Amino acid sequence: MQRVVIVGGGAVGSSTAYHLAVHPRFRGNIVVVERDPTYRIASSSLSCSSIRQQFSTPVNIAMSQYGLGFLRRAAEALEVDGDKPQLGLREPGYLFLASASGLDVLRDNHAVQRDAGADVALLQPSELKTRFPWLSTDGIAAGSLGLSGEGWFDGPAMLQALRRKARKLGVTYVAQDAVGFTRAGERISGVRLADGTVLDCDVAVNAAGPWAARVAEWAGVDLPVRARKRMVYVIACRTPLPNCPLVIDATGVFFRQEGLGYVCGRSPGEGEPDPDEPPLDVDDAMFHDYVWPAMATRAPAFEELKMMSSWAGYYEYNVFDQNGIIGPHPAVPNLIFANGFSGHGIQHSPATGRGVAELIADGGYVSLDLSPLGFSRVVAGNKLIERNIV
Ligand SMILES: Cc1cc2nc3c(=O)[nH]c(=O)nc-3n(C[C@H](O)[C@H](O)[C@H](O)COP(=O)(O)OP(=O)(O)OC[C@H]3O[C@@H](n4cnc5c(N)ncnc54)[C@H](O)[C@@H]3O)c2cc1C
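The present account deals with the structure reproduced in this document. Bear in mind the structure is a predicted one, so any value in this text is a computation, not a measurement.

Some remarks on the overall build of the protein chain
Line of reasoning, step 1. Per the secondary structure count, the protein chain includes ten helices and 19 strands.
Line of reasoning, step 2. Relative to a compact globule of 390 residues, whose C-alpha radius of gyration would be 21 Å, the protein chain shows 21 Å and is just as compact.
Line of reasoning, step 3. Split into buried and exposed, the 390 residues of the protein chain put 57% on the buried side.
Line of reasoning, step 4. In the protein chain, of all internal contacts separated by at least 6 residues, the share reaching a separation of at least 24 is 74%.
Line of reasoning, step 5. With the model as given, the accessible surface of the protein chain reaches about 15,700 Å², and the carbon-plus-sulfur share is 50%.
Line of reasoning, step 6. Averaged over its 36 positive side-chain charges, the protein chain has a centre that lies 4 Å from the centre of its 41 negative ones.

Thoughts on the site of the ligand
Line of reasoning, step 1. In the vicinity of the ligand there are 37 residues, among which Glu34, Ser43, Ser44, Glu316 and Gln347 approach most closely.
Line of reasoning, step 2. In the model, a nitrogen atom of the ligand is placed 2.9 Å from a nitrogen or oxygen of the Ala178 main chain.
Line of reasoning, step 3. Gly345 is positioned such that a nitrogen or oxygen atom in its backbone is 3.1 Å from an oxygen atom of the ligand.
Line of reasoning, step 4. Against a free-state accessible area of 1,000 Å², the protein chains account for coverage of 97% of the ligand.

Observations regarding the packing of helix α2 (residues 58-72) against helix α9 (residues 349-362)
Line of reasoning, step 1. Between α2 and α9, the least distance of the axes is 7 Å, while the angle of their chain directions is 100 degrees. Classed by the angle they form, the pair α2 and α9 counts as roughly perpendicular. Counted together, Met63, Tyr66, Gly67 and Phe70 of α2 and Pro350, Ala351, Thr352 and Arg354 of α9 form the full contact between these two elements.
Line of reasoning, step 2. For the contact of α2 with α9, the residue count by class is five nonpolar, two polar and one charged.

Points about the packing of aromatic side chains
Line of reasoning, step 1. According to the stated counting rule, one finds eleven aromatic pairs in the structure shown.
Line of reasoning, step 2. Ring plane angle 40 degrees and centroid distance 6.1 Å describe the contact between Tyr66 and Phe70, whose orientation is recorded as tilted. With Tyr66 and Phe70 both in helix α2 and four residues apart, the pair spans about one turn of that helix. The residues Tyr66 and Phe70 share a single accessibility class, namely buried.
Line of reasoning, step 3. Each member of the aromatic cluster is reached from another via a ring pair, and the members are Tyr18, Tyr66 and Phe70.
Line of reasoning, step 4. Between Arg354 and the ring centre of Tyr66, over which it is positioned, the NZ or CZ distance is 3.8 Å.

Overview of the pattern of salt bridges
Any two side chains of opposite charge can pair, given that their charged atoms come close.
Line of reasoning, step 1. Per the counting criterion, the structure on display carries 18 salt bridges.
Line of reasoning, step 2. Note that Arg298 is salt-bridged to Asp249, the shortest N-O span being 2.7 Å. Taken together, the residues Arg298 in helix α8 (residues 284-298) and Asp249 in the loop between β14 (246-248) and β15 (254-258) connect sequence positions 49 residues apart.
Line of reasoning, step 3. Judged by relative accessible area, Arg298 falls into the buried class, the value being 6%.
Line of reasoning, step 4. Among the salt bridges present, the one from Arg256 reaches Glu258, with a minimum N-O distance of 2.6 Å.
Line of reasoning, step 5. Judged by relative accessible area, which is 39%, Glu258 ranks as partly exposed.

A short note on the packing of helix α1 (residues 11-21) against α9
Line of reasoning, step 1. For the pair α1 and α9, interaxial distance at closest approach is 7 Å and the crossing angle is 50 degrees. With respect to each other, α1 and α9 are oriented oblique. The two elements α1 and α9 meet at a crossing, and its hand is right-handed. Contact with α1, carried on its side by Ala11, Val12, Ser15, Thr16, His19 and Leu20, involves Ser349, Pro350, Thr352, Gly353, Arg354, Val356, Ala357 and Ile360 of α9 and no other residues of that element.
Line of reasoning, step 2. Of the residues in the contact of α1 with α9, the class split is seven nonpolar, six polar and one charged.

Side note on the sheet that holds strand β1 (residues 2-7)
Line of reasoning, step 1. Read across the sheet, six strands follow the order β8-β2-β1-β12-β19-β18 without closing on themselves; strand pairing throughout is mixed. For this open sheet the edge positions go to β8 (172-174) and β18 (325-329), each flanked by a neighbour on one side alone. Taking the axes of each pair of neighbouring strands and ignoring which way they run, one obtains an average angle of 20 degrees across the sheet.
Line of reasoning, step 2. Packing of α9 onto the sheet brings it into contact with β1, β12 (203-206), β18 and β19 (332-339), and relative to β19 it is tilted by some 170 degrees.

Notes on α2
Line of reasoning, step 1. Compared with an ideal rise of 1.5 Å per residue, which puts 15 residues at 21 Å, α2 spans 21 Å between its outermost C-alpha atoms and is within 8% of the ideal.
Line of reasoning, step 2. In terms of residue burial, α2 counts as a mostly covered element, since eleven of its 15 residues are buried.
Line of reasoning, step 3. Taken as a whole, α2 has its buried residues at Val59, Asn60, Ile61, Ala62, Met63, Ser64, Tyr66, Gly67, Leu68, Phe70 and Leu71.

Some details on helix α6 (residues 155-168)
Line of reasoning, step 1. For α6, spanning 14 residues, the distance from its first C-alpha to its last is 20 Å, which sits close to the expected 20 Å at 1.5 Å a residue.
Line of reasoning, step 2. Listed as buried for α6 are Gly155, Met158, Leu159, Ala161, Leu162, Arg163, Lys165 and Ala166.
Line of reasoning, step 3. Next to the buried residues of α6 lie α1, α2, α3 (74-77), β8 and α9.
Line of reasoning, step 4. Between a side-chain oxygen at the N-terminus of α6 and the backbone nitrogen of Ala157 the separation is 3.0 Å; the capping residue is Asp154.
Line of reasoning, step 5. Where α6 terminates, the next one or two residues include Gly170, which has phi positive at roughly 105 degrees.

So, how was this worked out
Residues numbered from 1 in each chain as written. Predicted model: local features only at pLDDT ≥ 70, side-chain atom pairs only at ≥ 80, totals over all residues. Heavy atoms only, no water. Helix = DSSP H or I, 4+ residues; strand = E, 2+ residues; numbered from the N terminus. Rg over C-alpha atoms; globule rule 2.2 N^0.38 Å. Buried < 20%, exposed > 50% of the residue type's maximum accessible area, 1.4 Å probe, protein only. Contact = heavy atoms within 4.5 Å. Areas by Shrake-Rupley, 256 points an atom, 1.4 Å probe, with all protein chains shown as cover. Lys, Arg positive; Asp, Glu negative; His and termini not counted. Charge placed at Lys NZ, Arg CZ, Asp CG, Glu CD. Near = heavy atom within 4 Å. Polar contact = N/O pair within 3.5 Å; in protein donor to acceptor, adjacent residues only side chain to side chain. Axes fitted to C-alpha atoms, helices over the stretch in contact; angles between N-to-C directions. Parallel < 35°, antiparallel > 145°, perpendicular 65-115°, else oblique. Nonpolar A, V, L, I, M, F, W, Y, C, P; charged D, E, K, R; others polar. Phe/Tyr/Trp six-rings, centres within 6.5 Å; stacked < 30°, edge-to-face > 60°. Lys NZ or Arg CZ within 6 Å of the ring centre and 35° of its normal. Salt bridge = Lys/Arg side-chain N within 4 Å of Asp/Glu carboxyl O. Left-handed = near helix turned anticlockwise from the far one by under 90°. Pairing = 2+ DSSP bridges. Expected span 1.5 Å × (residues − 1).

This is the structure:
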């Protein structure tokens, strides 16, 4: 009987609990320590919950492909007492636009994506214009469009469905702050809670999202993951943009439909301030100075729009190479990390949960080799660069 304690019950922690609970060879007890059952500032609550295959790294594409299949069959897989969760998956695609200077990278990424089985097409400006008459192709050399298997879903609903199913399968959620580890030599022997209780464990999982570096510190591990604020604006626009995919403009600004309106935003550019764990207030200047002008250039219908609301959340940003870090640290063999997804973690939470469950129950990856995302690359200083970070 293995005792597993997962610190953090967001999408990554709850997916790990679920995949472990359904794993045919797992025998044991699973506890998730989640200090805020309302998930008020968890990344999984504040996400744009979009899913794409347009990555530059084969392992990221494969993780999205599992995530997509998982979302498509979630109503059955996560059903509890006849209640089938509706996760609202829509698949209008992503459209990555490149200017002349970004064309080679777009083409290289396209080749990697096609090799990995992604259903993507490279489109010339005239073809883009035919498909999307509302789009201005000024300054655009080409676009890469996901023809199927890309879009968005209801992330908080997925989190709640995973949590509910995990509990139904016997997982215990403890609503407390985890504050430290107890050690037995190089191993973690327990997770200490704020009320002084120690949850003994054979394996601990760090699924603490943007706060994961603090958990790593308890084990003396320097995890290069920081809480970085990202802002999202919700706008209304009178003129419809038929079949609008999730557009990533060559400037880095993104927009996509959400209900009757649109969500949009942008990550700070090279050299712009991007402090660790700032307050989650929204700065409208980012919208007025960068996001709106780029949107209005790309789709003139956005010259007239109304901002309806906005929010901010934390990316659990991997400052080393902006990719997930999954697996144990070489110095602490029974502490498994599942952190640092830098803006693509909710779509990768199903594949991450399955992979961590296999590490625990099988002693290694079975379904998909996630070792390119292992901690050893960080220790060795070998970056796994993902070129499509949004
Ligand atoms: C604005 C925004 C847009 C995004 N858009 C996308 C997108 O389109 N597609 C995509 O794939 N990803 C996106 N992401 C990223 C994605 O949301 C995250 O990668 C993912 O939700 C991370 O899940 P998590 O479970 O690791 O973290 P979280 O959801 O933050 O969960 C971690 C949990 O750990 C708990 N915790 C932490 N420390 C402790 C402790 N000591 N004791 C007890 N509990 C603890 C916290 O309370 C929290 O609930 C976006 C993120 C943001 C902020």
